[in-house]
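Spelled out, the chains give:
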Amino acid sequence: MELLYTGKTKDVYQLENGNVLLKFKDDCTGKDGVFDPGENSVGLTIEGIGRANLETSVKFFEILKDAGVKTHYVSANLDDATMEVLPATVFGQGLEVICRLVATGSFIRRYGSYIEDGTPLEGGYVETTFKDDDKGDPLVTKDALVALNVMSAEMYDSMKDQTLKITNIVADELKKLGLDLYDIKFEFGYNNGEVILIDEIASGNMRVYKDGEIVPPVELTKIILGE
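Quick caveat, the model's predicted, so the values are computed rather than measured.

Participant: Sorry, what's going on with the overall build of the chain here?
Facilitator: Secondary structure assignment for the chain yields five helices and 16 strands. Computed over the C-alpha atoms, the radius of gyration of the chain is 17 Å, within 12% of the 17 Å expected from 2.2 N^0.38 for a compact globule of 227 residues. Seen through its principal axes, the chain has C-alpha atoms that stretch 50 × 45 × 35 Å. Within the span of the chain, comprising 227 residues, buried residues form 51% of the whole.

In C-alpha cells, the structure reads:
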C-alpha cells in the first residue's frame, strides 16, 4: 500500500486492486481553535472526529446510492477509520465546492457589507475554490476554470447540478432530525470521464444548527447516527 497524499483531514493510499484507501484523521479545518468548514487550514484537533466523519460519510453515501447518485464510495472499515473508494482524477490540483444555504462564516467575512449573517440564500449558492494553502484556497469562477482548462463548461454544470442535488438530500435528512444545514463542502473528480462526488460527506465538512445554535462536529455525528 503506497502513500499518495497527506491531506488536512485524511491520508490517501494506493491499493493493489487499483482502488484508493482514505485514512481519516482527527483534524478539522478552522481558525484560532474554532471549527469552520469554510477555512483553508487545520485549526483544531478533535479526538475521535476521524472515525465520526467516516461513519457520517458512509451513512450519506448509502443514502445517495439509494437516490441514484453515483459517488466514489466502495466500502469502509470503521475500526481502522478507512474507506475504500474508486480511483478518480481531481480537477487541476484539486477543487473544493461549497454549497451555502444560509449566509455565514467566511461568506460573511467576504460579503458582510452586502448581506446580514443568517440570511437564507434561496435555492443554494455554489462556489468553488482551488485547493491552494499558500494562496488561501482562492475562489475561482466557472469561466476561469474553463479558460484554465481545468474542466469543460459541461463538467462544471454537472458538478454544480450534483452539488445542489446532494446538498438538498443532506439538508432533507438533517431536517428530519430537527437540524438546519447552513453550508457544506464537497470535492469532485472524474472517473471514466464522468464527474462524481469524491472525498467525504462528514460532520466536519458541514455547518449545522439546532434551535439557532451551531452543533459541534462530534455531537452532530452522534445525532445523525442516533447515538
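Participant: Is there a simple way to think about the environment of threonine 82 in this case?
Facilitator: On the secondary structure map, threonine 82 appears in strand S8 (residues 82-85). Judged by relative accessible area, which is 10%, threonine 82 ranks as buried. Spatially, the C-alpha atom of threonine 82 lies 20 Å from that of isoleucine 196, the residues being 114 residues apart in sequence. Residues in contact with threonine 82, not counting those within four places in the same chain, are Leu21, Leu22, Lys23, Leu54, Ala76 and Asn77.

Participant: Explain helix H1 (residues 49-66) to me, please; I cannot follow it from the model alone.
Facilitator: Since the α-helix packs 3.6 residues into each turn, any two residues three or four apart lie on the same face. An ideal rise of 1.5 Å per residue puts 26 Å on 18 residues; H1 measures up with 26 Å between its terminal C-alpha atoms. In terms of residue burial, H1 counts as a mostly covered element, since 13 of its 18 residues are buried. Glycine 68 occupies a position one or two residues after H1 and carries a positive phi of about 85°.

Participant: Honestly, the confidence of the model for the chain in this entry has me stumped. Any pointers?
Facilitator: Should the pLDDT be low somewhere, the predicted coordinates at that spot are not to be read in detail. Averaged over every residue, the pLDDT of the chain is 91; the share at 70 or more is 93%. Looking over the chain, one finds the lowest element-wise mean pLDDT in strand S5 (residues 34-35), namely 64, and the highest in helix H3 (residues 142-147), namely 98.

Participant: In this structure, what is going on with the sheet that holds strand S7 (residues 73-77)? I would like to understand it.
Facilitator: Consider a sheet: its strands pair through backbone hydrogen bonds, and that pairing is either parallel or antiparallel. Judged by pairing direction, the sheet is antiparallel, and its five strands sit side by side in the order S1-S2-S3-S8-S7 without closing on themselves. Among the strands making up the open sheet, the edge pair consists of strand S1 (2-6) and S7. Neighbour-to-neighbour, the strand axes of the sheet open up by a mean angle of 25°, direction not taken into account. Against the sheet, H1 makes contact with strand S3 (20-24), S7 and S8, and its axis sits at roughly 140° relative to S7, the strand it touches most.

Participant: Explanation requested: the environment of alanine 171 in the structure shown.
Facilitator: Looking at where alanine 171 falls in the secondary structure, it is placed in helix H4 (residues 153-175). On the basis of relative accessibility, which here comes to 14%, the residue alanine 171 falls in the buried class. Along the primary structure alanine 171 and aspartate 183 are separated by 12 residues, whereas in three dimensions their C-alpha atoms are 9.3 Å apart. Leaving out residues up to four positions away in the same chain, alanine 171 has contacts with Leu101 and Leu181.

Participant: Just to check I follow, could you spell out the packing of H1 against helix H5 (residues 217-224) for this structure?
Facilitator: For any two helices packed against each other, the geometry comes down to the angle between their axes and how far apart the axes lie. Put simply, H1 and H5 touch, their axes get as near as 10 Å, and they point 40° apart. As H1 packs across H5, the resulting crossing turns out to be left-handed. Judged by residue contacts, Ile49, Ala52, Thr56, Lys59 and Phe60 of H1 engage Pro217, Val218, Thr221 and Ile224 from H5. Of the residues contributing to the contact of H1 with H5, the split by class is six nonpolar, two polar and one charged.

Participant: Honestly, the side chain of threonine 221 in this entry has me stumped. Any pointers?
Facilitator: Within the secondary structure, threonine 221 is located in helix H5. Residue class for threonine 221 comes out buried when judged on its relative accessible area of 3%. Leave out the neighbours within four places in its chain, and threonine 221 touches Ala52, Thr56 and Ser203.

Participant: Is there a simple way to explain the packing of H1 against H4 in this structure?
Facilitator: Two elements in contact, H1 and H4, have axes separated by 11 Å at closest approach and are oriented at 115°. In this structure, the crossing between H1 and H4 has a hand that is right-handed. Every residue of H4 that contacts H1 at Phe60, Ile63 and Leu64 is listed here: Ile166, Ile169, Val170, Glu173 and Leu174. Tallied by class, residues from the contact of H1 with H4 come to seven nonpolar, no polar and one charged.

Participant: Just to check I follow, could you spell out the packing of aromatic side chains for this structure?
Facilitator: Within a pair of aromatic rings, the relevant descriptors are the distance that separates the centres and the angle that separates the planes. A complete count under the given rule lists six aromatic pairs for this structure. Between phenylalanine 61 and tyrosine 73, the aromatic rings sit 5.5 Å apart at their centres with planes inclined by 5°, giving stacked as the arrangement. With phenylalanine 61 in helix H1 and tyrosine 73 in strand S7, this residue pair connects regions lying 12 residues apart in the sequence. Considered together, phenylalanine 61 and tyrosine 73 belong to a single accessibility category, that of buried residues. A centroid spacing of 5.3 Å and a plane angle of 70° characterise the contact between phenylalanine 107 and tyrosine 125, whose relative ring orientation is edge-to-face. You can see phenylalanine 107 sitting in helix H2 (residues 106-111) and its partner tyrosine 125 sitting in strand S11 (residues 120-130), a full 18 residues away along the chain. Taking relative accessible area as the criterion, phenylalanine 107 reaches 6% and is therefore assigned buried. The class for tyrosine 125 is partly exposed, based on a relative accessible area of 33%. The structure contains a cluster of three or more aromatic residues connected by ring pairs, namely Phe107, Tyr111 and Tyr125.

Cut-offs used in this document
- Residues numbered from 1 in each chain as written.
- Predicted model: local features only at pLDDT ≥ 70, side-chain atom pairs only at ≥ 80, totals over all residues.
- Heavy atoms only, no water.
- Helix = DSSP H or I, 4+ residues; strand = E, 2+ residues; numbered from the N terminus.
- Rg over C-alpha atoms; globule rule 2.2 N^0.38 Å.
- Buried < 20%, exposed > 50% of the residue type's maximum accessible area, 1.4 Å probe, protein only.
- Contact = heavy atoms within 4.5 Å.
- Expected span 1.5 Å × (residues − 1).
- pLDDT = per-residue confidence, 0-100.
- Pairing = 2+ DSSP bridges.
- Axes fitted to C-alpha atoms, helices over the stretch in contact; angles between N-to-C directions.
- Left-handed = near helix turned anticlockwise from the far one by under 90°.
- Nonpolar A, V, L, I, M, F, W, Y, C, P; charged D, E, K, R; others polar.
- Phe/Tyr/Trp six-rings, centres within 6.5 Å; stacked < 30°, edge-to-face > 60°.

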